[in-house]
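Breakdown of the fold
In case you want the letters, here they are:
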Amino acid sequence: MTTTVSSRVGFLGLGVMGQPMALRLVRAGVGLVVWNRTPDRCDPVVAAGARAVDTVTEVAADCATVVVMLADEFAVDQVLDPGGPGFADLVRDRLLIMMGTYPPAYSVALQAAVRAAGGSYVEAPVSGSRAAAEAGALVAMLAGDDPSVLARTQELLASVAARVVPCGPVPSALLTKLTVNSYIITMLTGLAEAVHLGDRLGIERRRLTEVLLGGTLASPVLATKLEKLAAGDHSAQAAIADVAKNTGLITTAAARAGAAAPLAEVCHRLFADAVDLGLGGDDLIAVISSLEARAGSL
Ligand SMILES: NC(=O)c1ccc[n+]([C@@H]2O[C@H](COP(=O)([O-])OP(=O)(O)OC[C@H]3O[C@@H](n4cnc5c(N)ncnc54)[C@H](OP(=O)(O)O)[C@@H]3O)[C@@H](O)[C@H]2O)c1
């Protein structure tokens, strides 16, 4: 199947999320041109039919639409260099689809810079981790002003997201994403704390898993995280360092909005502690180590 979107689509950032998302696009028939700072992370996507290039300039030269799935605003600055001499040529007559999680104010400023240079801009952050990305089961939140651009984006994302939720103008998609993350992160940190408590009370993780997954709280996310805890599998679906970044964005957004966010603040400290313990690359559920450290058992 070939999509009716522009002939070629660029994809910048083939990390934990970007790689499976790019793979789904290629397998859906999208002609994909990929770039990643660490080139060998392009290999699986190239094996599936994408073309890898050495520079972002080559991506822009070949693609009217460019998906950006880079880690944070510092990576975006480094890669796109907004305000730099080559920026206008990179984005003029291009549609930039920003799918990572960035500060809302940063996104507003980037949108203004892209528009001033003659490009189009859409926010499309996603909810769901690597397993959801592999399954095409992400939920994308969409923000922008131009209905035809939003429709083009939604069509492109059909193989990546099971659902696309329109949110309004930029940065409403990122504000929605931070709100959703506030729930997910505090919930999963609560799971880590419960397992830690169970460990101390002598409750087998297997028994806890049976009870939690046996009732109405059962969910694929809960099952995945409980399995990872039982197996001691800390491979990242969502990395501790990324969650620490996210809790920082949530607490900042809450402070600006005058919202109370005590749970997010505690989570922010726990994830920062986990980064300090050297666990930044581990899955978020390894935050249990921060609790063990607080309990004096590490
Ligand atoms: N993981 C999740 O569950 C999840 C879910 C929803 C949204 N998100 C958001 O989606 C974005 C990507 O997440 P991820 O989990 O895929 O992160 P990741 O695995 O850390 O990948 C980050 C990507 O950014 C690149 N990058 C980082 N710093 C760079 C720099 N200075 N210059 C150039 N490239 C740089 C990395 O390149 P290298 O390969 O060279 O390091 C990689 O391609 C983040 O904004 C994250 O918050 C993540």
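Residues numbered from 1 in each chain as written. Predicted model: local features only at pLDDT ≥ 70, side-chain atom pairs only at ≥ 80, totals over all residues. Heavy atoms only, no water.

A few points about the UniProt feature "domain: 6-phosphogluconate dehydrogenase NADP-binding" (unreviewed entry) in the protein chain
When the UniProt feature table is mapped to this numbering, "domain: 6-phosphogluconate dehydrogenase NADP-binding" (unreviewed entry) covers residues 8–167. Split by type, residues 8–167 is 40% helix and 24% strand. Its first and last C-alpha atoms lie 27 Å apart. (UniProt positions renumbered as here; feature names shortened; annotations may be inferred. Helix = DSSP H or I, 4+ residues; strand = E, 2+ residues; numbered from the N terminus.)

Focus on the site of the ligand
As a matter of local geometry, the ligand sits amid 27 residues, with Asn36, Thr38, Arg41, Ala71 and Asp242 nearest to it. At 2.7 Å, a backbone N or O of Val16 approaches an oxygen atom of the ligand. Between Met17 and the ligand, the recorded distance is 2.8 Å, taken from a backbone N or O atom to an oxygen atom. Of all elements in the fold, only helix H4 (73–80) and helix H12 (240–257) reach the threshold of two or more residues within the shell around the ligand. Looking at the shell around the ligand residue by residue, the classes come out as ten nonpolar, twelve polar and five charged. (Near = heavy atom within 4 Å. Polar contact = N/O pair within 3.5 Å; in protein donor to acceptor, adjacent residues only side chain to side chain. Nonpolar A, V, L, I, M, F, W, Y, C, P; charged D, E, K, R; others polar.)

Some words on the packing of helix H9 (residues 172–201) against helix H13 (residues 262–276)
Interaxial distance between H9 and H13 falls to 10 Å at its minimum, and their mutual angle equals 65°. Judged by the twist between their axes, the crossing of H9 over H13 is left-handed. Across the interface between the two elements, Ile185, Thr186 and Thr189 from H9 touch Leu263, Ala264, Cys267, Leu270 and Phe271 from H13. Taken together, the residues of the contact of H9 with H13 sort by class into six nonpolar, two polar and no charged. (Axes fitted to C-alpha atoms, helices over the stretch in contact; angles between N-to-C directions. Left-handed = near helix turned anticlockwise from the far one by under 90°. Contact = heavy atoms within 4.5 Å.)

Points about empty space enclosed by the protein
Here the structure, examined in full by the defined rule, presents one cavity of 30 Å³ or more. Volume-wise, the largest cavity comes out at about 50 Å³. Lining the largest cavity, in full, are Leu12, Val56, Val59, Ala60, Val66, Leu80, Leu90, Val91 and Leu96. Looking at the lining of the largest cavity, the elements that each hand over two or more residues are helix H3 (56–62) and helix H5 (87–91). Per element, the largest residue contribution to the lining of the largest cavity is three residues, and it comes from H3. A breakdown of the residues in the lining of the largest cavity according to their chemical character gives nine nonpolar, no polar and no charged. (1 Å grid on protein atoms, 1.4 Å probe; cavity = no way out; pocket = protein on both sides within 12 Å on 5 of 7 lines; lining within 4 Å. Points joined across faces, edges and corners; volume = space filled by probe spheres on them.)

Quick word on the side chain of Thr251
Within the secondary structure layout, Thr251 lies in helix H12. Of the polar contacts made by the side chain of Thr251, one reaches the backbone oxygen of Gly248; its length is 3.1 Å. Look past the residues within four positions of Thr251 in its chain and what remains in contact with it is Ala264 and Glu265.

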